[in-house]
Every structure is written in C-alpha cells, then in structure tokens.
Amino acid sequence: MKISINGNVKQFDDEALTVSALVMTLNLTGKRLAIENNGEIVPRSQFSETKLQDGDMLEIVGAVGGG
C-alpha cells in the first residue's frame with residue numbers, strides 16, 4: 001500500500017493499516033498531532049477505527065508549545 005504523508009509517498013506492507021497503527025509505525029505515539037486524511041480531519045477518538053487505503057493523502061502536523 002502506498003500512502004502520501006506530508007507530500008512524501010511511503011510504502012507499507014500492511015493492507016489493513018489504521019491511523020492508530022500508522023502513528024505507532026512512525027514512532028509518533030504520545031505526541032500531540034492533528035491528522036488530515038484526504039482533506040478531512042480525523043478526530044483522535046477515531047484513529048483506531050479509521051482504515052487507510054492505497055493512495056490516501058495524509059497531512060500530519062505536530063503541536064508546538066511556546067510563549
């Protein structure tokens with residue numbers, strides 16, 4: 001399966017990949033993230049339910065603190 005993440009195409013072997021599994025694969029677990037899949041924001045409560053498909057386009061943005 002090929003998925004575009006922030007404009008970079010990545011190949012994954014898992015055909016049943018969820019947003020939650022992708023977050024773990026990318027070592028982003030525990031980070032404050034906003035994820036958009038094909039132009040739609042994926043609520044954090046739906047990460048484990050949202051299945052990714054070949055050709056999906058994701059944008060992943062991390063929150064940055066400061067003042």
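Structural data are supplied above this passage.
From a predicted model like this one, the values you see are computed outputs, not experimental measurements. (Residues numbered from 1 in each chain as written. Predicted model: local features only at pLDDT ≥ 70, side-chain atom pairs only at ≥ 80, totals over all residues. Heavy atoms only, no water.)

A. Up close: a negative patch on the surface. A surface patch of negative charge is lined by Asp13, Asp14, Glu15 and Asp54. For Asp14, a relative accessible area of 39% puts it in the partly exposed group. (Patch = residues over 30% accessible without salt bridge, like charges linked within 9 Å, V, L, I, M, F, W, Y side chains within 5 Å. Areas by Shrake-Rupley, 256 points an atom, 1.4 Å probe, with all protein chains shown as cover. Salt bridge = Lys/Arg side-chain N within 4 Å of Asp/Glu carboxyl O. Lys, Arg positive; Asp, Glu negative; His and termini not counted. Charge placed at Lys NZ, Arg CZ, Asp CG, Glu CD. Buried < 20%, exposed > 50% of the residue type's maximum accessible area, 1.4 Å probe, protein only.)

B. Spotlight on the nonpolar core. Grouped together as the largest cluster of nonpolar side chains are 16 residues, with contacts concentrated most on Ile3, Leu22, Ile35 and Leu52. When contributions to this core are tallied by element, the ones reaching two or more residues are strand E1 (2-5), helix H1 (19-25), strand E3 (33-37) and strand E5 (57-62). Once you skip the residues sitting within four places of it in the chain, Leu52 turns out to touch Met1, Ile3, Leu17, Thr18, Val19, Leu22, Asn37 and Leu58. (Core = buried A, V, L, I, M, F, W, Y, C linked by side-chain atoms within 4.5 Å. Helix = DSSP H or I, 4+ residues; strand = E, 2+ residues; numbered from the N terminus. Contact = heavy atoms within 4.5 Å.)

C. Structural detail: unusual backbone geometry. The backbone of Asn6 shows a phi angle near 50°, a positive value even though the residue is not glycine. Positive phi, normally seen in glycine, also occurs at Asn38, with a value near 55°.

D. Representation of the sheet that holds strand E4 (residues 40-42) in the model. Here 5 strands make up an open sheet; going across it, the order is E2-E1-E5-E3-E4 and the pairing mixed. Two strands in the sheet have a free side with no partner beyond their single neighbour: strand E2 (8-11) and E4. Across the sheet, the mean angle separating the axes of adjacent strands is 35° when strand polarity is ignored. Looking at chain direction, E1 and E5 are connected through 2 bridges and run parallel. Residue Ile5 lies in a different strand from E5, and its bridge partner there is Leu58. (Pairing = 2+ DSSP bridges. Axes fitted to C-alpha atoms, helices over the stretch in contact; angles between N-to-C directions.)

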